[in-house]
Amino acid sequence: IFPSGGIGYVLSELAQLLASEKAQVTIAYLGSGKLHETLTKDLENKGVSFVKLPEPDIPIAPGHVSLVGSYKALLYLMNEENQFDIVHFNDYLGHAIYPLYAKRQGWLLDKTKVVVTLHGTTMWSRLANKQLPHTIDIISV
């Protein structure tokens, strides 16, 4: 959860709403950066759990944050301790790709509803923020 707004703001509001209705809510952070401590503590005080997922033990598409994040999510969801009724992803960066492949193949998330919220394309976001492509990761699928 980042303080800049947008997707992070919407997700923090959704998490708070679900927790206020006594749902167990866990946010699994897929990034490699530092979480905003004030925001995470505030949400934890409102009943939302945070898990910062570790980096994979093996190199997965080095430098490709989308695939690394997706692989982190896959490993987390493969752990039998992490069973959920609903798993929510954002379309931004495509982090749902590996878990959804596994669900489609029938070897993961068979009793779990997976929701993907569509916000807009990554390129649209980058252009709106006046960020031109500067790495292969940005223009690769």
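Keep in mind that what you see is a predicted model, and the values were worked out from it rather than measured.

Caption draft 1: Looking closely at the nonpolar core. Formed by 14 residues in total, the largest nonpolar core has its most connected members in L74, L77, V87, F89, L108 and L109. Residue assignment for this core shows that the elements contributing at least two residues are α3 (65-78) and β3 (86-90). Looking at this core, the element that brings in the most residues is α3, giving five residues. Formed by nine residues, the second largest nonpolar core is a distinct cluster that contains A15, V25, L43 and V48.

Caption draft 2: Looking closely at the pairing of strand β1 (residues 25-29). The two faces of β1 differ: V25, I27 and Y29 on one face are buried, but T26 and A28 on the other face are not. With five bridges joining them, β1 and strand β2 (residues 48-52) adopt parallel strand pairing. Residue pairing for β2: V25 is matched across the bridge by V48.

Caption draft 3: Spatial organisation of the pattern of salt bridges. Following the criterion strictly, the structure yields two salt bridges and no others. One salt bridge in this structure joins K46 and D42, with 3.5 Å as the shortest N-O distance.

Caption draft 4: View of the packing of aromatic side chains. Applying the stated criterion to the full structure yields two aromatic pairs. Each ring, one from Y71 and one from Y98, has its centre 6.4 Å from the other, and the planes form 90 degrees; the classification is edge-to-face. Taken as a pair, Y71 in helix α3 and Y98 in helix α4 (residues 97-105) lie far apart in primary sequence, 27 residues in all. A residue is classified by how much of its surface remains accessible, and Y71, at 18% relative accessible area, is buried. Seen from their ring centres, Y76 and F84 are 6.2 Å apart, and the 35 degrees between their planes marks the pair as tilted. According to the relative accessible area criterion, Y76 is buried, its value standing at 15%.

Cut-offs applied
Residues numbered from 1 in each chain as written. Predicted model: local features only at pLDDT ≥ 70, side-chain atom pairs only at ≥ 80, totals over all residues. Heavy atoms only, no water. Core = buried A, V, L, I, M, F, W, Y, C linked by side-chain atoms within 4.5 Å. Buried < 20%, exposed > 50% of the residue type's maximum accessible area, 1.4 Å probe, protein only. Helix = DSSP H or I, 4+ residues; strand = E, 2+ residues; numbered from the N terminus. Pairing = 2+ DSSP bridges. Salt bridge = Lys/Arg side-chain N within 4 Å of Asp/Glu carboxyl O. Phe/Tyr/Trp six-rings, centres within 6.5 Å; stacked < 30°, edge-to-face > 60°.

None of the figures reported here should be taken as evidence of function without further support.
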